[in-house]
Amino acid sequence: QVRLQESGPGLVKPSETLSLTCTVSGGSVNYDYWTWIRQSPGKGLEWIAFYHYTGSTHKNPSIKNPVTISFDSSRNEISLKLRSVTAADTAVYFCAEGRGHYLSLVFDHWGQGALVTVSS
Amino acid sequence: QSVLTQPPSVSGAPGQRVTISCTGSGSNIGAGYTVQWYQHLPGAGPKLLIFGNTDRPSGVPDRFSGSKSGTSASLAITGLRAEDEADYYCQTYDHSLDGYYVFGTGTKVTVL
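For every chain, the first residue of the written sequence is number 1, and numbering continues from 1 onward in sequence order. For naming, the first written chain is A and the first written ligand is 1, with later ones following in the order written. Note on the predicted model: pLDDT of at least 70 is required for a residue's local features to be given, and 80 or more for side-chain atom pairs to be given and counted; whole-chain, interface and lining totals, by contrast, use all residues. For the side-chain quantities, the full set of heavy atoms in the structure was used; hydrogens and water were omitted.

(A) Here's a closer look at the packing of aromatic side chains. Aromatic rings from Phe, Tyr and Trp, with only the six-membered ring used for Trp, were paired whenever their centres fell within 6.5 Å, and each pair was classed as stacked if the ring planes differed by under 30 degrees, edge-to-face if by over 60, and tilted otherwise. Scanning the model with the defined rule gives 18 aromatic pairs over all chains in all. Geometrically, the ring pair formed by phenylalanine 50 of chain A and tyrosine 102 of chain A is edge-to-face, given 5.8 Å between the ring centres and 80° between the ring planes. Of this pair, phenylalanine 50 of chain A sits in strand β5 (residues 45-52) while tyrosine 102 of chain A is found in the loop between β9 (91-99) and β10 (106-110), placing the two residues 52 residues apart along the sequence. Residue classification places tyrosine 102 of chain A among the partly exposed residues on the basis of a relative accessible area of 24%. Consider the rings of tyrosine 33 of chain B and tyrosine 93 of chain B, whose centres lie 5.0 Å apart with planes at 75°: the pair is edge-to-face. Of this pair, tyrosine 33 of chain B sits in the loop between β2 (18-23) and β3 (36-40) while tyrosine 93 of chain B sits in strand β7 (residues 86-94), and the two are 60 residues apart along the sequence. For the pair tyrosine 33 of chain B and tyrosine 93 of chain B, a shared accessibility class is recorded, and that class is buried. Secondary structure elements are defined from DSSP: runs of H or I of at least 4 residues count as helices, runs of E of at least 2 residues count as strands, and each element is numbered from the N terminus. Think of it in three bands: residues with accessible area under 20% of the maximum for their type are buried, residues over 50% are exposed, and the middle band is partly exposed, with areas taken using a 1.4 Å probe on protein chains only.

(B) Just the nonpolar core, in detail. By nonpolar core we mean a set of buried residues, namely Ala, Val, Leu, Ile, Met, Phe, Trp, Tyr and Cys, connected to one another through side-chain atoms within 4.5 Å. In this structure, Ile37, Trp47, Phe107 and Trp110 of chain A together with Trp37, Tyr88 and Phe103 of chain B are the most contacted members of the largest nonpolar core, which totals 41 residues. Here this core gets five residues from one element, more than from any other, and that element is β7 of chain B. Residues are treated as being in contact if the distance between any of their heavy atoms lies within 4.5 Å. Ignoring any residue separated from it by four or fewer positions in sequence, one finds isoleucine 37 of chain A in contact with Leu45, Glu46, Trp47, Ile48, Val92, Tyr93, Phe94, Ala96, Phe107 and Trp110 of chain A together with Phe103 of chain B. Residues Leu4, Trp36, Tyr51 and Val85 of chain A belong to the second largest nonpolar core, which totals 26 residues.

(C) Looking closely at the state of the cysteines. Our working definition of a disulfide is a cysteine sulfur pair at a distance within 2.5 Å. This structure, assessed with the given rule, holds two disulfides over all chains. The disulfide partner of cysteine 22 of chain A is cysteine 95 of chain A, and the S-S distance across this bridge is 2.0 Å. For the disulfide bridge between cysteine 22 of chain A and cysteine 95 of chain A, the dihedral angle about the S-S bond is near -75°, and by the sign convention the bridge is left-handed. Highlighted residues: cysteine 22 of chain A in strand β3 (residues 18-25) and cysteine 95 of chain A in strand β9, separated in sequence by 73 residues. Both residues of the pair, cysteine 22 of chain A and cysteine 95 of chain A, belong to the buried class. With a sulfur-sulfur separation of 2.1 Å, cysteine 22 of chain B is cross-linked through a disulfide to cysteine 90 of chain B. Taking the torsion about the S-S bond as the criterion, the cysteine 22 of chain B to cysteine 90 of chain B disulfide, at about 75°, is right-handed. Placement of the pair is cysteine 22 of chain B in strand β2 and cysteine 90 of chain B in strand β7, with a sequence separation of 68 residues.

So this is what it looks like as structure tokens:
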């Protein structure tokens, strides 16, 4: 059974970079689409970006912040960097495994989420 | 930001049937992309309930069923139980802009 665990600072200052890591256990990052999704307080889910094991990445065009998603195969970790954050980036950030075809991705394993607050 | 609209809340007594609608457009559900449904409990990651419009992962009770027609999809819960009280989200692909994955606005199911 694949398990995902998000980790990173819970507090980030405005204009700085939000950095999170997702550690995968019980599986390998050398398959599927590894995805970051967030949920702002009182709001719904928003897809941020994915990393595909072939090395391709894709981000949500609605998110204006520079986004970097990468992976470390030796550690089975996927990382997210979201730059120039504002209070609007305060959210619970989820790591999820996406499987299937690119046009019909199914997010079938999720981490429990990590709360990140953007505040000075 | 979501382009998939769900009712904010639905409720029902134990044992009853409730349905949740998910209304999209021609760039997502109406374009033929498959719809998934997730159950989200506080403090946990969402759980996949339905994929490919109608299919259930192993372990999901057959009380949960999905359907799709035109630019909309629906999730039905029959034999409502107290443990079904949660938030529910639909999800699909949208080919507008550069293409992205979109979730519904979310529906809170309350068991009376």
